[in-house]
Amino acid sequence: MYEESMKFEKEMKLIWKGTEEIITEEELIKKFLKAEDKNKPLRIKYGIDPTGYDVHIGHLVPIRKMRDFQDLGHTGVIIIGDFTAQIGDPSGKDETRPHLTAEQVKNNSEKYMDQLYTVLDKDKTEVRWQTEWFGNMTMADVLELMGKFTLAQFMAHETFRSRYEKGLPLGMHEMMYPILQSYDSVAIEADVELGATEQKFNILAGRDMQRFFGLPEQVAVLSPILMGTDGKEKMSKSLNNYIAVFDTPKDKYGKTMSIPDDLIVNYLTYATSSFSDSEIKNYEKTLNSGSINPKLIKEKLAWEIVRTYDGEKYANLAQAEFNKIFAKKEIPDEMPEFKLKTTKMGITELLVSAGICTSNGEVKRLIKQNAVSIDDKKIDDIFFEVDKGSVIKVGKRRFLKVLK
RNA sequence: GGAGGGGUUCCCGAGCGGUCAAAGGGAACAGACUGUAAAUCUGUCGGCGGACGCCUUCGGAGGUUCAAAUCCUCCCCACUCCA
């Protein structure tokens, strides 16, 4: 074994980068060896939940790992969880999911994949739907799958146990989530399953399920959970602390700049693959020594994050824009535009119909709070009338260009 | 099947016939401060009207009352204990 591990040292180093846990490392090396012997790429599984399509960079931590595997010549297999989507992953805090139509699921999946392909190698990616294997199952089949696990095993799982103990609702069908997910590994004969550490239970269940079906067990490669931009909770859509793939370069940059300082190293390590271990160590040292304004390192980080998803050009633009607005407090180059409907419009009506504010009341409040300025002049009159082209600034970051 | 407490504004959570658009906290937004932040302080935080006012809201539908988030009836939802 020693020889083999030396042989795949480089590969293992790559896989370990930004990875929290591998279960088990030894098995992974064996799989690499076998793949090479038989000249057959490994099948690297990752399941997505098509209940929505907004992908944030926390989701992409394991996806970037899939890309690493692809770069080593292996095949990424994305499972569209069209059955599990009907359950909702109990690992999250989500409650009962609304039932989606087949069309919505299809639509979501396509959009989801578009975002994953910003990272993945399309030629080495296989997309599979759970319907392929669950669509024709009979009750007998389902009972057989359920019989492989016991209630005690499930109650040992933190999320089931804590919800049960807290007296929160726990649907029987939610127990099916790990069962379905684990059977996916059987159906596609996964060699490796990727996921965040919170997926450990589900992914390990996949090993059990494969064993029951006489298949070799998959290796779990677990990524850390990326912290949200608030630095308090994990990145998640519902907490509104995420950086989305579809965010504009400007937003990605700005959101990154807004992370707390003590999250910088974490993001350097996990939010992008751009920094080498030694670079990260260096930055960490400088940060701890206090010899540098953390902002400077954050700028590099933000730039890299934009570059990763939108390219260098947009990274530069986003950076310039950010400096302009926040550092120099100038107005941005691009902003929403609004054409005056009549020769003059009251400021409240204008901002509400341009979608900058949600109600007249909000506009009035903001004006009273001294937050609205037109062409750089604060206004204090809630009946101010706008009758010419101008730039309106609301708060720090809302801008509107008024066209005549 | 039996017994019992619950469902309140974005979230948590008080209120239990008028003084309730509804305490308090969180989130969010704005202002000050700043190194982008964070922290801190101040303010705002259902909608419409320039303040007094009006409208919509307290799981749903009805009802009692001059007056209901608060009382009654039925329904829905999740939970606890017993079987």
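Residues numbered from 1 in each chain as written. Chains lettered and ligands numbered in written order. Predicted model: local features only at pLDDT ≥ 70, side-chain atom pairs only at ≥ 80, totals over all residues. Heavy atoms only, no water.

1. A few points about the confidence of the model for chain A
Per-residue confidence for chain A gives a mean pLDDT of 84, with 94% of residues at or over 70. Per-element averaging of pLDDT across chain A places helix α1 (residues 2–7) at the bottom with 67 and strand β4 (residues 125–129) at the top with 94. Considering only residues more than four positions removed or in separate chains, one finds that residues 92–96, a stretch of pLDDT under 50, has 1 contact. (pLDDT = per-residue confidence, 0-100. Helix = DSSP H or I, 4+ residues; strand = E, 2+ residues; numbered from the N terminus. Contact = heavy atoms within 4.5 Å.)

2. A closer look at the sheet that holds β4
The mixed open sheet is built from 6 strands, whose spatial order is β1-β6-β5-β2-β3-β4. Single-partner strands in this sheet number two, and they are β1 (21–23) and β4. Each strand of the sheet is rotated relative to its neighbour by a mean of 25°, with strand direction disregarded. Relative to strand β5 (residues 192–196), strand β2 (residues 43–48) runs parallel, the two being bridged by 2 bridges. Its bridge partner being in β5, Ile44 is matched across the sheet by Val192. Here helix α5 (residues 102–116) sits on the sheet in contact with β2, β3 (75–80) and β4, set at roughly 160° to β4. (Pairing = 2+ DSSP bridges. Axes fitted to C-alpha atoms, helices over the stretch in contact; angles between N-to-C directions.)

3. Thoughts on the protein's contact with RNA strand B
Taken together, 28 residues form the shell around RNA strand B, and within it Met257, Ser258, Asp261, Lys298 and Arg365 come nearest. In RNA strand B, the atoms that sit within 4 Å of the protein are 70% sugar and phosphate, with bases accounting for the remainder. Here Ser258 contributes a backbone N or O atom positioned 2.8 Å from a sugar or linking oxygen of RNA strand B. A distance of 3.3 Å separates a base nitrogen of RNA strand B from a polar atom in the side chain of Asn293. Only α15 (294–310) and α18 (360–368) provide two or more residues apiece to the surface near RNA strand B. The element best represented in the surface near RNA strand B is α18, accounting for 5 residues. Looking at the surface near RNA strand B, its residues break down into 10 nonpolar, 9 polar and 9 charged. (Near = heavy atom within 4 Å. Polar contact = N/O pair within 3.5 Å; in protein donor to acceptor, adjacent residues only side chain to side chain. Nonpolar A, V, L, I, M, F, W, Y, C, P; charged D, E, K, R; others polar.)

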